[in-house]
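# Notes for the structure review
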Amino acid sequence: MDEQSAAGFRLRLGLEPYLRLILFSLLVGFALAMFASRGILDAAMIWQRSRAPNGSAFDFGLVNRLIGVIPPLFLLLSVLVPVLCLSLRSQGRARISWDEEGVTEWDGDAVRTFIARADARVATEMKSDVRRYGRRRFEEKLSHVVQISDSAGRRITVAWRAHRFVFLFGSLPSWTRRRAVVTDDATITALLAAYPPRVSQPSIEPDERSARRPFGPLSRSLTALAIVFVLLSIASIGVNKRADEWTGLSLFIAGLLFFVLVLRPLGELRAVALTTRRFARARRISFARAPDGSSLVRLEDGRALPCDVSELRHPDARAHQRTAPVHALVDLSESEGSYREAPAYAIVRAIDTDAERAERRRLLVANGLEIASRVAHAALVTTIGALVLLERQRF
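Definitions and limits used
- Residues numbered from 1 in each chain as written.
- Predicted model: local features only at pLDDT ≥ 70, side-chain atom pairs only at ≥ 80, totals over all residues.
- Heavy atoms only, no water.
- Buried < 20%, exposed > 50% of the residue type's maximum accessible area, 1.4 Å probe, protein only.
- Helix = DSSP H or I, 4+ residues; strand = E, 2+ residues; numbered from the N terminus.
- Pairing = 2+ DSSP bridges.
- 1 Å grid on protein atoms, 1.4 Å probe; cavity = no way out; pocket = protein on both sides within 12 Å on 5 of 7 lines; lining within 4 Å.
- Points joined across faces, edges and corners; volume = space filled by probe spheres on them.
- Nonpolar A, V, L, I, M, F, W, Y, C, P; charged D, E, K, R; others polar.
- Axes fitted to C-alpha atoms, helices over the stretch in contact; angles between N-to-C directions.
- Contact = heavy atoms within 4.5 Å.
- Phe/Tyr/Trp six-rings, centres within 6.5 Å; stacked < 30°, edge-to-face > 60°.
- Lys NZ or Arg CZ within 6 Å of the ring centre and 35° of its normal.
- Salt bridge = Lys/Arg side-chain N within 4 Å of Asp/Glu carboxyl O.
- pLDDT = per-residue confidence, 0-100.

The buried count for strand β4 (residues 102-107) comes to five of six residues, which makes it a mostly enclosed element. As paired strands, strand β3 (residues 94-98) and β4 are joined by five bridges and run antiparallel to one another. For Ile 96, the partnering residue across the bridge sits in β4 and is Glu 105. Across six bridges, β4 lies against strand β5 (residues 110-116) in antiparallel orientation. The residue of β5 that forms the bridge with Asp 107 is Ala 110. Linkage of β4 to β5, two consecutive antiparallel strands, is achieved through a turn of two residues, within which Gly 108 is found at a positive phi near 70 degrees.

Glancing now at the layout of surface pockets. The gaps left among the atoms become clear once a water-sized probe is rolled over them. Each pocket or cavity is described by its volume, and for the largest pocket that value is around 1,000 Å³. Along the wall of the largest pocket there are 33 residues; nearest its centre are Leu 21, Phe 24, Pro 82, Glu 370 and Arg 374. Elements with a minimum of two residues in the lining of the largest pocket: α1 (16-51), α2 (60-89), α4 (216-235) and α7 (354-394). Looking at the lining of the largest pocket residue by residue, the classes come out as 16 nonpolar, nine polar and eight charged. In this model, the second largest pocket occupies a volume close to 580 Å³. Lining the second largest pocket are 24 residues, with Glu 208, Arg 209, Arg 313, His 314 and Pro 315 sitting closest to its centre. Looking at the lining of the second largest pocket, the elements with two or more residues in it are α6 (263-278), β13 (345-352) and α7. By residue number, the principal contributor to the lining of the second largest pocket is β13, which donates four residues. Partitioned by chemical class, the residues of the lining of the second largest pocket number six nonpolar, four polar and 14 charged.

Moving on to the sheet that holds strand β6 (residues 121-133). Judged by pairing direction, the sheet is antiparallel, and its three strands sit side by side in the order β6-β7-β8 without closing on themselves. Across the chains shown, the open sheet's two edge strands, defined by having one partner strand only, are β6 and β8 (155-161). For this sheet, the mean angle separating the axes of adjacent strands, direction not counted, is 20 degrees. Inspection of the sheet shows strand β7 (residues 136-149) paired to β8 by seven bridges, in the antiparallel sense. Bridge pairing in β8 places Gln 147 opposite Thr 157. Strands β6, β7 and β8 of the sheet are contacted by helix α3 (residues 185-194), whose axis makes an angle of about 60 degrees with β7.

Moving on, we come to empty space enclosed by the protein. Under the counting rule described, the total for this entry stands at four cavities of 30 Å³ or more. Estimates place the volume of the largest cavity at around 150 Å³. In terms of lining, the largest cavity is formed by 15 residues, of which the most central are Arg 112, Thr 157, Trp 175, Arg 178 and Ser 210. When residues in the lining of the largest cavity are grouped by element, the largest group, three residues, is from β8. Residues of the lining of the largest cavity, tallied by class, amount to four nonpolar, four polar and seven charged. The space that makes up the second largest cavity amounts to roughly 120 Å³. Classifying every residue of the lining of the second largest cavity by side-chain character gives two nonpolar, one polar and nine charged.

Summed over all chains, the structure comprises one aromatic pair. Ring centres of Phe 9 and Trp 98 lie 5.6 Å apart, and the angle between their planes is 15 degrees; this geometry places the pair in the stacked category. Linking Phe 9 in strand β2 (residues 8-10) with Trp 98 in strand β3, this pair joins segments that are 89 residues apart in sequence. The exposure class of Phe 9 is buried, given its relative accessible area of 15%. A cation over a ring is seen here: Arg 117 above Tyr 195, with NZ or CZ 4.1 Å from the ring centre.

Okay, the pattern of salt bridges next. Inspection of every chain in the model, using the stated rule, returns 18 salt bridges. A salt bridge links Arg 322 to Asp 316; the nearest nitrogen and oxygen atoms lie 2.6 Å apart. The class for Arg 322 is partly exposed, based on a relative accessible area of 29%. Accessibility expressed as a relative area gives 5% for Asp 316, which makes it buried. A salt bridge links Asp 352 to Arg 357; the nearest nitrogen and oxygen atoms lie 2.8 Å apart. Taken together, the shared-partner salt bridges in this structure form one network comprising Glu 105, Arg 112, Asp 207 and Glu 359.

Right, let's get into the confidence of the model for the protein. Averaged over all residues, the pLDDT of the protein is 81; the fraction at 70 or higher stands at 83%. Here residues 1-7 is modelled with pLDDT under 50, and outside its nearest four sequence neighbours on either side it reaches 14 contacts, counting other chains as well.

Another aspect to go through is the sheet that holds strand β12 (residues 326-333). Taken in spatial order, the five strands of this closed barrel run β9-β10-β11-β13-β12, and their pairing is mixed. Going across the sheet, the axis of each strand differs from the next one's by a mean of 55 degrees, ignoring polarity. Across two bridges, strand β11 (residues 304-308) lies against β13 in parallel orientation. For Asp 308, the partnering residue across the bridge sits in β13 and is Ile 347.

Here it is in structure tokens:
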């Protein structure tokens, strides 16, 4: 499929989030693999010394086999699991298109977000590398982020980054976990030509669905602090007995911090689960147009009723004008003076598309896998720290 298709320009996630994730995973995974060997050995020493009075010996051949298998396995899983979770988040054939009516973000053949031109607000942020050679000044464009938003909180983010600056972190907002990158800077130029930014630009922020992962700045701070403790524990290995105690204590504290970091995917898992639960009793409906141009709701039993969409809030500003079937929270009300007859109109409070349901299923799997891996990682670091500390203090 060409970059520019009938539906618009293809979007991808880009390499930056994967690189950032892989580099962090390698750092933490290497430390975990190294300390896993230390933990296995210390556990064996504790067992051997506790059983020594009875004359039983521990099979250190088994210890050597475990040290040869488990640490590399930890390193491999520490890289593969985060990448798999991020891939689950960014699945889907994302595209963006725009015309005189507005800007549309597509998820496959379904509309994920639509912002009408009349309500569109444009924010743009560009990073450049400025170099001087004598009196000459050269400016090279590194990255460009554009976000279209409206007063209802709908947001569509599009970014571009120079291909040769693969390791340029910061070209995408840190909260971006969906496809937002275009490979051709001409896409950004054409979008800005069609939707020029105003003098006073809004800030570039996540939309409601991208903001479901809470504690972003706190999570980054705790992660950095945990890594500091891990590095301190590495630096104190084998210096002396006192330093070995600090090794175990540092790992134990780092493990506790890693436990706290589970709150972030847990918060998103809760938000996604609550949304899924909210639509558990949704009706299957479709929208239609009356001869006078007003909106109608067609129920599963075939009735077509006038509808009230004044309370409807959805990322697709034209969701009530599309004919594709959706799941909706609908209240059926009788008109004044009706005599216990069939409901006269429908109040649509919220709708849920098939694409959104598929996205939430992927997020539930991704968050469940992330929570399990984070808990296992934190438990391993805490246990290894406790074993090192116990082995040094008791013997």
